[in-house]
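Coordinate analysis (summary)
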Amino acid sequence: QPSNTDRLVWCALGLAHLALQSRSRKLMLRDPYVVEGLVQVMRSSDSRAQLYGPIALCNMSSHCITKKTIYDRKFHEDLIVITLLRVNEVETKEICAKTLYNLLTNSETRNGLVSSGFAYAIIKLAKLNSTEIQHMCVKALFNLSCDSAMSPELLHHGAMPILVTK
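Right, let's walk through the structure included here. (Residues numbered from 1 in each chain as written. Predicted model: local features only at pLDDT ≥ 70, side-chain atom pairs only at ≥ 80, totals over all residues. Heavy atoms only, no water.)

Focus on the overall build of the protein
When you go through the protein residue by residue, the secondary structure sums to 11 helices and zero strands. Secondary structure elements of the protein, listed N to C terminal, follow the sequence α-α-α-α-α-α-α-α-α-α-α. In terms of C-alpha radius of gyration, the protein reaches 16 Å, essentially the compact-globule figure of 15 Å for 166 residues. Overall size of the protein, expressed as C-alpha extent along the three principal axes, is 55 × 30 × 25 Å. (Helix = DSSP H or I, 4+ residues; strand = E, 2+ residues; numbered from the N terminus. Rg over C-alpha atoms; globule rule 2.2 N^0.38 Å.)

Next comes the structure, spelled out in structure tokens:
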């Protein structure tokens with residue numbers, strides 16, 4: 001008899017595979033509760049579920065509907081906490097960093113995301129010992145620094161040393 005954790009892992013794996021396909025991803029985007037479910041999966045203590053949930057969410061986060069859902073329903077706050085504190089595996093943190101990066105590409109929600117802790121999260125992630133995460137974060141910080149409205153927030157959280165040294 002499979003445990004609840006095993007069922008959760010299998011569901012997360014299935015959603016991750018579905019999110020890889022454009023047609024399936026479009027169907028998943030129709031229901032905002034899919035995003036909520038994936039965020040909940042990321043809260044699991046099982047490292048496999050913590051990996052598969054972000055894979056699905058990362059693939060979905062390239063679409064504006066997902067970005068808007070995450071912002072409007074304040075799931076970005078959960079993603080920051082989960083990425084920084086809950087997830088321990090480097091591979092999972094890398095996928096979470098890609099998801100955060102994808103979310104910053106929406107001009108409608110970018111300012112709100114940055115002011116609600118994204119700058120802090122990106123800077124914290126940039127200090128980790130992963131070349132892929134560092135590259136993603138420096139790219140995000142550089143892109144944000146091109147907007148003069150973002151400068152105070154970036155300076156407040158100490159982005160300059162990271163942009164200069166990385």
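Focus: the nonpolar core
Among the nonpolar cores identified, the biggest contains 44 residues, and Leu57, Met60, Leu79 and Leu104 are the most heavily contacted of them. Ranked by the residues each element gives to this core, the list is headed by helix α8 (residues 110-126), at nine residues. Once residues within four sequence positions are removed from consideration, leucine 57 is found in contact with Val35, Leu38, Val39, Met42, Thr66, Ile70, Leu79 and Thr99. (Core = buried A, V, L, I, M, F, W, Y, C linked by side-chain atoms within 4.5 Å. Buried < 20%, exposed > 50% of the residue type's maximum accessible area, 1.4 Å probe, protein only. Contact = heavy atoms within 4.5 Å.)

Some points on helix α7 (residues 90-103)
The terminal C-alpha atoms of α7 lie 20 Å apart, and with 14 residues this matches the ideal 20 Å at 1.5 Å per residue to within 8%. Burial runs high along α7: 11 of the 14 residues are buried. Inspection of α7 places Thr92, Lys93, Glu94, Ile95, Cys96, Ala97, Thr99, Leu100, Tyr101, Asn102 and Leu103 among the buried residues, and these make up the whole buried set. (Expected span 1.5 Å × (residues − 1).)

Side note on the pattern of salt bridges
One pass over the structure, following the stated rule, counts six salt bridges. For glutamate 36, the salt bridge goes to arginine 73, with nearest N and O atoms at 2.9 Å. Taken as a pair, glutamate 36 in helix α3 (residues 32-42) and arginine 73 in the loop between α5 (64-72) and α6 (75-86) lie far apart in primary sequence, 37 residues in all. Given a relative accessible area of 33%, arginine 73 falls into the partly exposed group. Each of the salt bridges in this network shares a partner with another, and the network as a whole consists of Asp6, Asp46 and Arg48. (Salt bridge = Lys/Arg side-chain N within 4 Å of Asp/Glu carboxyl O.)

Considerations on the packing of helix α1 (residues 4-20) against helix α4 (residues 47-60)
It is the contact of α1 with α4, at a shortest axis distance of 8 Å, that shows an interaxial angle of 25°. If you check the angle between α1 and α4, you find them roughly parallel. When the axes of α1 and α4 are compared, the crossing they make is left-handed. Listed contacts from α4 to Thr5, Asp6, Leu8, Val9, Ala12, Leu13, Leu15, Ala16, Ala19 and Leu20 of α1 are Arg48, Ala49, Tyr52, Gly53, Ile55, Ala56, Asn59 and Met60. Taken together, the residues of the contact of α1 with α4 sort by class into 13 nonpolar, three polar and two charged. (Axes fitted to C-alpha atoms, helices over the stretch in contact; angles between N-to-C directions. Parallel < 35°, antiparallel > 145°, perpendicular 65-115°, else oblique. Left-handed = near helix turned anticlockwise from the far one by under 90°. Nonpolar A, V, L, I, M, F, W, Y, C, P; charged D, E, K, R; others polar.)

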